[in-house]
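Listed here are the chains, written in short residue letters.
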Amino acid sequence: MRELEARSGVGRETIRFYIREGLLPEPARAARNSASYSEAHVTRLVAIKRLQEERFLPLAVIRGLLDRDSSDAERWLEPEAFPGLDEMLRSRIDHDAPRVAVAAALAASGGTAETLADAVANAIVTVDAAGTMTARDAAILRTLGDLNRIGFSREHGFTPEMVRMYHDFIDWVTTQEMRFFFEHTAGQVDEPKAADMAELGIGAVNDLLALMRTRALLAKLERRRTVANDR
């Protein structure tokens, strides 16, 4: 419960209320006084909090939205739709890249053990039992080191929680992308064609997001200057 509170930013009494009201599933219980919460609990709590704070929706409406999303999600999780797509795509994108020892990844990033611990705790990277991570996670760790050297550090308010914001956004947007992709391609194209679309689409959308984000930031900076000049 303590970790769930920290990860979600929601207090335990509110969490218990959500469970009683059916907004959250019951936790797994190995014993009477033991409860285990999953990543699904964190994701759902973050979604509830965001809908309340940003859209001011009542809990009854939020429950309907979340239940509808869960129902929609089940369709693209059906294994009959492109059963080999994940393996095909991973082999194309990762090219069987070897895993990287954590010590080597940390040294290459110039970070500290605290940096790694923060990244793991916030689900930014994953370390296995053998003390290794994927090459992509090692690259993420290097980028976090670059940000720190640029000045985006704890001392300047760039906390692990800020990085968590990106994680939550990416989790949400990729879920929407997956639903759209499967709903509009399953039964319409064969699996090799779907793999081609997914492989090329990942790169194209990454470029699109980078361009749109830069455009939006520059526009906001311009509006900020305009407002300041009008005062």
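Model, not experiment: these values are computed from the prediction. (Residues numbered from 1 in each chain as written. Predicted model: local features only at pLDDT ≥ 70, side-chain atom pairs only at ≥ 80, totals over all residues. Heavy atoms only, no water.)

### Overview of unusual backbone geometry
- For Ala123, which is not glycine, the phi dihedral falls at a positive 60 degrees.
- Classification of Ala123 by relative accessible area gives partly exposed; the value is 29%. (Buried < 20%, exposed > 50% of the residue type's maximum accessible area, 1.4 Å probe, protein only.)

### Focus: helix H10 (residues 191–230)
- If you check H10, its first and last C-alpha atoms are 56 Å apart, about what 40 residues at 1.5 Å a residue would give, namely 58 Å.
- Within H10, the axis deviates most sharply at Gly201, by approximately 25 degrees.
- Those residues of H10 lying buried are Ala194, Ala195 and Ala198.
- Those residues of H10 hidden inside the fold are in contact with helix H5 (85–94) and helix H9 (160–185).
- With a side-chain oxygen lying 2.9 Å from the backbone nitrogen of Lys193, the N-terminal cap of H10 falls on Asp190. (Helix = DSSP H or I, 4+ residues; strand = E, 2+ residues; numbered from the N terminus. Expected span 1.5 Å × (residues − 1). Bend = angle between axes of the 7 residues up to and from the residue. Contact = heavy atoms within 4.5 Å. Polar contact = N/O pair within 3.5 Å; in protein donor to acceptor, adjacent residues only side chain to side chain.)

### Some points on the pattern of salt bridges
- Tallied over the full model, the rule gives 14 salt bridges.
- Between Arg7 and Glu3 there is a salt bridge, with the nearest N and O atoms lying 3.8 Å from each other. Here Glu3 and Arg7 lie together in helix H1 (residues 2–8), a separation of 4 residues that amounts to about one turn.
- Judged by relative accessible area, which is 18%, Arg7 ranks as buried.
- The class of Glu3 is exposed, set by a relative accessible area of 58%.
- As a salt-bridge pair, Arg99 and Asp128 come within 3.1 Å of each other at their nearest N and O atoms. Of the two residues, Arg99 is situated in the loop between H5 and strand E3 (100–101) and Asp128 in the loop between helix H7 (113–121) and strand E4 (132–133); the sequence distance between them amounts to 29 residues. (Salt bridge = Lys/Arg side-chain N within 4 Å of Asp/Glu carboxyl O.)

### Considerations on the side chain of Ser109
- Within the fold, Ser109 resides in helix H6 (residues 102–109).
- For Ser109, a relative accessible area of 1% translates into the label buried.

### Describing the environment of Pro25
- Relative to the helices and strands, Pro25 resides in the loop between helix H2 (12–20) and strand E1 (28–31).
- Given a relative accessible area of 40%, Pro25 falls into the partly exposed group.
- With 13 residues separating them in the primary sequence, Pro25 and Ser38 have C-alpha atoms 9.9 Å apart.
- In contact with Pro25, other than residues within four places in its own chain, are Ile19, His41 and Arg44.

### Some remarks on the side chain of Arg164
- Mapped onto the elements of the fold, Arg164 is located in helix H9.
- Under the relative-accessibility criterion, Arg164 is labelled buried at 6%.
- At a separation of 3.4 Å, a polar atom in the side chain of Arg164 contacts the side chain of Glu39.

### Here's the deal with the packing of aromatic side chains
- Enumeration over the complete set of coordinates arrives at 4 aromatic pairs.
- On the numbers, 6.0 Å between centres and 50 degrees between planes, the contact of Phe82 with Phe182 is tilted. With Phe82 in the loop between helix H4 (59–76) and H5 and Phe182 in helix H9, this residue pair connects regions lying 100 residues apart in the sequence.
- For Phe82, a relative accessible area of 10% corresponds to the buried category. (Phe/Tyr/Trp six-rings, centres within 6.5 Å; stacked < 30°, edge-to-face > 60°.)

### Some details on the packing of H6 against helix H8 (residues 135–150)
- Interhelical geometry of H6 versus H8 gives an angle of 30 degrees and a closest axis separation of 8 Å. When the axes of H6 and H8 are compared, the pair comes out roughly parallel. Of the two elements, H6 crosses H8, and the hand of that crossing is right-handed. Of H8, the residues touching H6 (which contributes Ala105, Leu106, Ala108 and Ser109) are Ala138, Leu141, Arg142, Gly145 and Arg149.
- A class-by-class count of the residues in the contact of H6 with H8 yields 5 nonpolar, 2 polar and 2 charged. (Axes fitted to C-alpha atoms, helices over the stretch in contact; angles between N-to-C directions. Parallel < 35°, antiparallel > 145°, perpendicular 65-115°, else oblique. Left-handed = near helix turned anticlockwise from the far one by under 90°. Nonpolar A, V, L, I, M, F, W, Y, C, P; charged D, E, K, R; others polar.)

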